Amino acid sequence: MATLVPEDWFFAARKLLVAKGPQNVNMRELSKLLGVSTGSFYHHFSNRGDFVVRLLAHWGEETERAVNDVPSTKGNSLDEINKNIDHLLDHRLESALRAWGVFDPSVAAQIARVDDKRRRSIAKLYETRLSKRDARNLADLHLCAFAGAQFMFSEQPKELKRFGKFVNACAQRLSKQ
C-alpha cells in the first residue's frame, strides 16, 4: 500500500462522518477503513484532538478555495454562481459537520469561521444594490436558508437544488427593490 498522507485520513473521516456520525470518527474506525494499523495514525497526528483540529482546518480551506475559485460574480446571477459552487460542496458532509457542531464547541467555532467568510462573500453580491446593512441581513437570510436546506434535503439533491433556486430568486427580487 502507498504511504498515507493526512488528506487520506481526512477523506476517510469525511466518509465515516457522513455514514456513521462523529462518534465513529476515531483512530480505530479510520485505521480499519484505510486498512492500516492504528499506530500509523500517530505518524501524522498526536491525538484525536489534533486530528479534529486539522480535519476542520482542511475542510475550511477547501471550502474557501471552492468559493474563491468561482468565476467573477460581475453579471452573474445567484443561480449561476450557486451552480458553479454547488458541485464543489458535499451537502451531506456539511449537514453532518453542523450536527457535530451542536455538541462540540471546537467544531462549531470552525463552522462559524467558514460561515462568516461565506456571509461576507454573499453580502458583496448584494452591496451593489443595497445598503451594507441590508446586504448583510440578506446574506444572513441566504446563509440560514442554505444551512437549513442542507439538513432538510441532505438526502434529496433535487429538492435541495429546487429550494436553492427559490431562495436565489427571492433574494434577487429583494435586492432589486
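Keep in mind that what you see is a predicted model, and the values were worked out from it rather than measured. Along each chain, the written sequence defines residue order, and numbers are assigned to residues from 1. The predicted origin of the model limits local features to residues at a pLDDT of at least 70 and limits the giving and counting of side-chain atom pairs to 80 or more, whereas totals for whole chains, interfaces and linings rest on all residues. Working from all heavy atoms in the structure, the side-chain values ignore hydrogens and water.

## Here's the deal with the overall build of the protein chain
Move 1: When its secondary structure is counted, the protein chain shows eight helices and zero strands.
Move 2: Numbering of helices and strands runs from the N terminus, with a helix taken as a DSSP run of H or I at least four residues long and a strand as a DSSP run of E at least two residues long. Listed by position from the N terminus, the elements making up the protein chain come as α-α-α-α-α-α-α-α.
Move 3: Evaluated residue by residue, the protein chain yields a buried proportion of 40% over its 177 residues.
Move 4: Residues count as neighbours in contact if any of their non-hydrogen atoms are within 4.5 Å of one another. Here the contacts in the protein chain between residues at least 6 apart in sequence split such that 62% fall between residues at least 24 apart. A 1.4 Å probe rolled over the protein chains alone gives each residue an accessible area, and that area as a share of the maximum for its type sets the label: buried under 20%, exposed over 50%, partly exposed in between.

## Some points on the nonpolar core
Move 1: Counting 24 residues, the largest nonpolar core has Trp 9, Leu 17, Leu 30, Phe 51, Leu 97 and Trp 100 as its most contacted members.
Move 2: Only helix 1 (6-20), helix 2 (27-34), helix 3 (48-68), helix 5 (91-103) and helix 6 (105-126) provide two or more residues apiece to this core.
Move 3: Here this core gets six residues from one element, more than from any other, and that element is helix 1.
Move 4: Each residue touching Trp 9, except ones within four places of it in the same chain, is listed here: Leu 4, Leu 30, Ser 31, Leu 34, Val 36, Ser 40, Phe 41, His 44, Phe 45 and Phe 51.
Move 5: Core analysis: the next-biggest nonpolar cluster, separate from the first, contains eight residues, Ile 122, Ala 123, Ala 135 and Leu 138 among them. Throughout this description, the term nonpolar core refers to a set of buried Ala, Val, Leu, Ile, Met, Phe, Trp, Tyr and Cys residues connected via side-chain atoms within 4.5 Å.

## A few points about the side chain of Asp 104
Move 1: Looking at where Asp 104 falls in the secondary structure, it is placed in the loop between helix 5 and helix 6.
Move 2: Neither His nor the chain ends is counted toward charge; the positive residues are Lys and Arg and the negative residues Asp and Glu. Every case where a carboxyl oxygen of Asp or Glu lies within 4 Å of a side-chain nitrogen of Lys or Arg is listed as a salt bridge. Although Asp 104 lies buried, it forms no salt bridge, and the closest oppositely charged side chain, Arg 48, sits 5.4 Å away as judged by the N-O distance.
Move 3: At 2.6 Å, the side chain of Asp 104 forms a polar contact with the side chain of Ser 106. Two N or O atoms form a polar contact when they lie within 3.5 Å of each other; inside protein one atom must be a possible hydrogen donor and the other a possible acceptor, and for residues adjacent in sequence the pair counts only when both atoms belong to side chains.

## Side note on the packing of helix 5 against helix 6
Move 1: Note on definitions: angles span 0 to 180 degrees between N-to-C directions of axes, and those axes are lines fitted to C-alpha atoms, for helices only across the stretch in contact. Contact geometry for helix 5 and helix 6: axes closest at 6 Å, N-to-C directions at 130°. One way to sum up the angle between helix 5 and helix 6 is to call them oblique. Handedness of the helix 5/helix 6 crossing: left-handed. Between helix 5, through Glu 94, Leu 97, Arg 98, Trp 100, Gly 101 and Phe 103, and helix 6, the contact on the second element is made entirely by Pro 105, Val 107, Ala 108, Ile 111, Asp 115 and Arg 118.
Move 2: Each residue receives one of three labels: charged for Asp, Glu, Lys and Arg, nonpolar for Ala, Val, Leu, Ile, Met, Phe, Trp, Tyr, Cys and Pro, and polar for the others, Gly being one of them. A breakdown of the residues in the contact of helix 5 with helix 6 according to their chemical character gives seven nonpolar, one polar and four charged. When describing relative orientation, an angle under 35 degrees is termed roughly parallel and one over 145 degrees roughly antiparallel, while 65 to 115 degrees is termed roughly perpendicular and anything else oblique. Here a crossing is taken to be left-handed if its near helix is turned anticlockwise relative to the far helix by less than a right angle, and right-handed if that turn runs clockwise.

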